[in-house]
Structure formats: structure tokens, C-alpha cells
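Listed below, chain by chain, are the residues.
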Amino acid sequence: MQTLRLTVDPHDLASAAARGSLKRAAEILRSGGTVALPTETVYGLGANALDAAAIAKIFAAKQRPAWDPLIVHISDMQMLTRVVADIPESAAKLIDAFWPGPLTLLMPKGDAIPDVVTAGRPRVGVRMPQHPVAHAVIREAGVPIAAPSANRFGRTSPTTAEHVSEDLDGRIDAILDSGKTTHGLESTVIDVCENPCVVYRPGVISLEQIRAAGVDAVVFREAPEKSAAEPASLPSPGVGLRHYAPKAKLILIGDGEEQINAFGHALKQAKQNGTKLGLMLPDEFESAADGSGAIIYRWGKWSDAEELAQRLFAGLRSLDNAGATVIVCPLPAAAGIGVAIRDRLLKAAKTA
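Residues numbered from 1 in each chain as written. Predicted model: local features only at pLDDT ≥ 70, side-chain atom pairs only at ≥ 80, totals over all residues. Heavy atoms only, no water.

Visitor: How would you sum up the overall build of the protein chain? Please name residues and give values.
Guide: Helices and strands together make up the secondary structure of the protein chain, namely 11 helices and 15 strands. Relative to the compact-globule value of 20 Å for 352 residues, the protein chain shows a C-alpha radius of gyration of 20 Å, a close match. Across its three principal axes, the protein chain shows a C-alpha extent of roughly 55 × 45 × 40 Å. Carbon and sulfur atoms make up 49% of the accessible area of the protein chain, which totals about 14,500 Å². Across the protein chain, the 37 positively charged side chains and the 39 negatively charged ones have centroids separated by 5 Å. (Helix = DSSP H or I, 4+ residues; strand = E, 2+ residues; numbered from the N terminus. Rg over C-alpha atoms; globule rule 2.2 N^0.38 Å. Areas by Shrake-Rupley, 256 points an atom, 1.4 Å probe, with all protein chains shown as cover. Lys, Arg positive; Asp, Glu negative; His and termini not counted. Charge placed at Lys NZ, Arg CZ, Asp CG, Glu CD.)

See below:
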């Protein structure tokens, strides 16, 4: 399969070039094909959410197991009524507060959505993306679009079209290139059918923001001990898996006042072991890396969690591509979007 590369300037959707790319991408989606498209979170691999055969192509391209459900993306509230059977009161509050935006709501599945989208579960994850190109191509296609991250299953999520190409070139029909994504982390996922609501995946929208919108919510806690057998299905995308992982071994340095010293000690140990070392290096940690001889990715300001989030996956991919066999990375504080960064790093560092 030859993967078509389409480009769209997100700041000039009215241009003839943009309109042509959007129209072509929409045609591919309507005809049962697969298109990687930008969202404000990460690039997603899209297919018609109403077409089971098209959805099967997503699973095949990503080598994604059937027990891992997908998120459906919509462009307007009328499209939502084609996807869900009911809109709970808590969902209505969150829609008013955060849509369009990086928040996925698990709601009762409508009959038009094939079971393959939800891994056989009665609830479907839905969101309305804020990215102008994602919004435009869904509207142009005229159908809801199922779209997990556009990468091989379990690998680091893509935040540029080049990242998508690294994993999926020749495996999908098209890539819609609109530059870097805005947030760099996947959406928050919340089940609005429970009372209190359950946040299954932390993301750009924090638990505090959800509660401030008038919705009672708690964080999902995974069982400490799990069976080694494959699950029948997962309750939500991104739960209980080794996800977001680089090829290199990932070593995480924890919290506390001695974090910079611990970071420096980990570098010395890795150097003594003769590994090709890569560093996710915040500006404030630079002195600890002196003399390490490591491959360095300048992650940004440690005090700017938004910047760290936006550059996280790009950094892990960059160090992988540079040949690092071990990556050392400090964990940010568990506050705001830092909760989501920690979630991604902890899942990435899990042993398979």
C-alpha cells in the first residue's frame, strides 16, 4: 500500500490547497479507508466509525488487539446522536464546559456503532476535537470517525506527521499533515454513566477542572495484581497496559528535594554500565548531566508542565531515533497536567 501525504495549513482552511486535501481525506474516510489526522492532543488514525470493515483496518494497521476499545470523534451535536443512545446529565455539563476539546466521555453506545469499536462493551468513548483540521475533515466526511493514536500498538504516541510515517507508512491510506499537535498528550477519558463518574485516563483536562464543572468524579484505580491472560475487553482506552513506550529501556527518577541528585546518580550508574544513554533533560537539571556524555533531548522548563507535556512523546522518539538504549527521565509533580505526564511515563516504563 502506498500512503498518500496530504497537507493542510490549520491557519488557512479556506485555501484551495487546504480544501483539496480535506476533500480527498474525507473521500477516503467515506469509502472505508484509513487516514491519520491531527488533533489538538496527538495524531489519530481515523476510519468511519459506522463501518466495521473500515474499523478492522485500524486494528490491522496498528497491530492493536481487539480487546482495546477506540474513541469516536464527532464534529457536532447532531452527529453525537448517531453515536450514543443517551446523554447523561453529567455528560451534558462536561460537554458545555469542555467541548470541543480534549475530553472523551464514555456514554451508552448507540445501535449504529459496531461492537468492534467498543470491544463489545455497552459504552462508547466520544469526543469533539478542537483542532480545526480534525473538526473540518470530520465535518467534510459527514460521518463519525473512530481514531486511536496513529502509531503501532503500545509505542510512543505521534505528535507530528513524521512520527506517524515512522510507524505506519505503507500500512494506511493517507496522512493529513498539519504540523505539530498542540497539547502532545491524549484526551482525558471519563465514564459519565457511573456515580460518581470515573476518570479512566488522566489527560489535558484535570480532575480538578472536571469537579469545578459541577461533576462528581474519582480516579480509576487498577488492581495491584493482574492476570497474565489477555482481557476479554478493557473498560477504556489506555488502561492497564504497557503503552506509550520507547524502544529504549526507560528509567524514571521520582519525587522529592533530592530528585536532581538522584537524576545525576542514575546517569553515573548508566554510564558505568556502558549503555548508550539518552536524557529527557529539563533546563533546571542541566548541571546534573555535565560530563555524562549522554544523548540529550532538551525537554523544557521544569516549571512549565504544559511545555513538558507537549514535548514528551517527541523527546522519547528523538532519543530512540538517536540510538539510545536507556533513557533517564525525571517524573514531574502530580498536579494538573503533571498527573497525565506521570501516567504516560509510568505506563511507558512498565515491563511487558
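Visitor: Summarise the pairing of strand 5 (residues 103–108); cite the residues concerned and give the values.
Guide: Regular strands place their side chains on alternate faces of the sheet. Most of strand 5 sits inside the fold, with five of its six residues counted as buried. Of the pairings in the sheet, the one linking strand 5 to strand 9 (residues 188–191) comprises four bridges and is parallel in character. Paired with Thr-104 across the strands is Val-189, a residue of strand 9. Direction of pairing for strand 5 relative to strand 6 (residues 123–127): antiparallel, over a ladder of four bridges. If you follow Leu-105 over to strand 6, its bridge partner there is Val-126. (Buried < 20%, exposed > 50% of the residue type's maximum accessible area, 1.4 Å probe, protein only. Pairing = 2+ DSSP bridges.)

Visitor: Can you lay out the packing of helix 10 (residues 305–321) against helix 11 (residues 338–348) for me, pointing to particular residues and giving the numbers?
Guide: Axis separation between helix 10 and helix 11 bottoms out at 9 Å; the angle between their running directions is 30 degrees. On the basis of the axis angle, helix 10 is roughly parallel to helix 11. In the crossing of helix 10 with helix 11, the sense of the turn from one axis to the other is left-handed. Two secondary-structure elements touch here, helix 10 through Ala-305, Leu-308, Ala-309, Leu-312 and Phe-313 and helix 11 through Ile-341, Arg-344 and Leu-345. Classifying every residue of the contact of helix 10 with helix 11 gives seven nonpolar, no polar and one charged. (Axes fitted to C-alpha atoms, helices over the stretch in contact; angles between N-to-C directions. Parallel < 35°, antiparallel > 145°, perpendicular 65-115°, else oblique. Left-handed = near helix turned anticlockwise from the far one by under 90°. Contact = heavy atoms within 4.5 Å. Nonpolar A, V, L, I, M, F, W, Y, C, P; charged D, E, K, R; others polar.)

Visitor: Now, about the packing of aromatic side chains: what can you tell me, with residues and values included?
Guide: Summed over the entire model, instances satisfying the criterion amount to six aromatic pairs. Summarising the aromatic geometry, the rings of Phe-285 and Trp-302 are spaced 5.0 Å apart at their centres and angled 65 degrees between planes, so their arrangement reads as edge-to-face. Linking Phe-285 in the loop between strand 13 (277–282) and strand 14 (295–300) with Trp-302 in the loop between strand 14 and helix 10, this pair joins segments that are 17 residues apart in sequence. On the accessibility criterion, Trp-302 (22% relative accessible area) is partly exposed. Taken together, the aromatic side chains of Phe-263, Phe-285, Trp-299 and Trp-302 make up a single cluster linked through ring pairs. Geometry around Tyr-244 places Arg-344 over its ring, the cationic atom sitting 5.3 Å from the centre. (Phe/Tyr/Trp six-rings, centres within 6.5 Å; stacked < 30°, edge-to-face > 60°. Lys NZ or Arg CZ within 6 Å of the ring centre and 35° of its normal.)

Visitor: Outline helix 6 (residues 132–141), supporting the account with residue identities and numerical values.
Guide: In terms of burial, helix 6 is largely enclosed, as seven of its 10 residues are buried. Along helix 6, the residues that are buried comprise Val-133, Ala-134, His-135, Ala-136, Val-137, Ile-138 and Ala-141. Those residues of helix 6 that are buried are in contact with helix 1 (16–30), strand 2 (35–37), strand 4 (71–73), helix 3 (77–83), strand 7 (145–146) and strand 8 (174–177).

Visitor: Describe in detail the sheet that holds strand 13, supporting the description with residues and values.
Guide: The strand order across the open sheet built from four strands is 12-15-13-14, with neighbouring strands paired in parallel fashion. Each end of this open sheet is capped by a strand with a single partner; those strands are strand 12 (249–253) and strand 14. Taken over all neighbouring pairs, the strand axes of this sheet differ in orientation by 20 degrees on average, direction set aside. Here strand 12 pairs with strand 15 (residues 326–330) via five bridges, running parallel. Across the sheet, the residue bridging to Ile-253 is Pro-330, located in strand 15. Sitting on the sheet, helix 10 touches strand 12, strand 13, strand 14 and strand 15, and the angle it makes with strand 14 is about 170 degrees. Contacts between helix 11 and the sheet are confined to strand 12, strand 14 and strand 15, with strand 12 contributing the most and set at about 135 degrees to the helix.

Visitor: Before we move on, could you go through the pattern of salt bridges and cite the residues and values that matter?
Guide: Oppositely charged side chains may form a pair once their charged atoms are brought near each other. This model, assessed by the stated rule, comprises 18 salt bridges. Taken together, the salt bridges that share partners define one network made up of Arg-155, Glu-166, Asp-167, Arg-317 and Asp-320. (Salt bridge = Lys/Arg side-chain N within 4 Å of Asp/Glu carboxyl O.)

Visitor: Give a description of the sheet that holds strand 4 that names residues and reports values.
Guide: Sheet architecture is open: 11 strands sit in the order 1-8-2-3-7-4-6-5-9-10-11, paired in mixed fashion. The sheet is open, and its two borders are formed by strand 1 (4–7) and strand 11 (217–219), each paired with just one other strand. The sheet strands contacting helix 7 (residues 161–168) are strand 1, strand 2, strand 3 (44–48) and strand 8, and the helix crosses strand 8 at an angle near 165 degrees.

Visitor: Quick one: what's the story with the packing of helix 1 against helix 6, residue by residue and with numbers?
Guide: Between two packed helices, what matters for the description is the angle formed by their axes and the separation of those axes. Between helix 1 and helix 6, the shortest axis-to-axis distance is 8 Å and the interhelical angle comes to 55 degrees. Relative to helix 6, the element helix 1 lies oblique. Crossing handedness for the pair helix 1 and helix 6: right-handed. The residues of helix 6 that touch helix 1, namely those facing Arg-19, Leu-22, Lys-23, Ala-25, Ala-26, Leu-29 and Arg-30, are Val-133, Ala-136, Val-137, Glu-140 and Ala-141.

Visitor: Run through the nonpolar core, naming residues and quoting values.
Guide: Among the nonpolar cores identified, the biggest contains 67 residues, and Trp-99, Leu-105 and Ile-190 are the most heavily contacted of them. Non-local contacts of Leu-105, meaning those with residues more than four positions away in its chain, are made with Ala-91, Leu-94, Ile-95, Trp-99, Val-124, Gly-125, Val-126, Ile-190 and Val-192. (Core = buried A, V, L, I, M, F, W, Y, C linked by side-chain atoms within 4.5 Å.)

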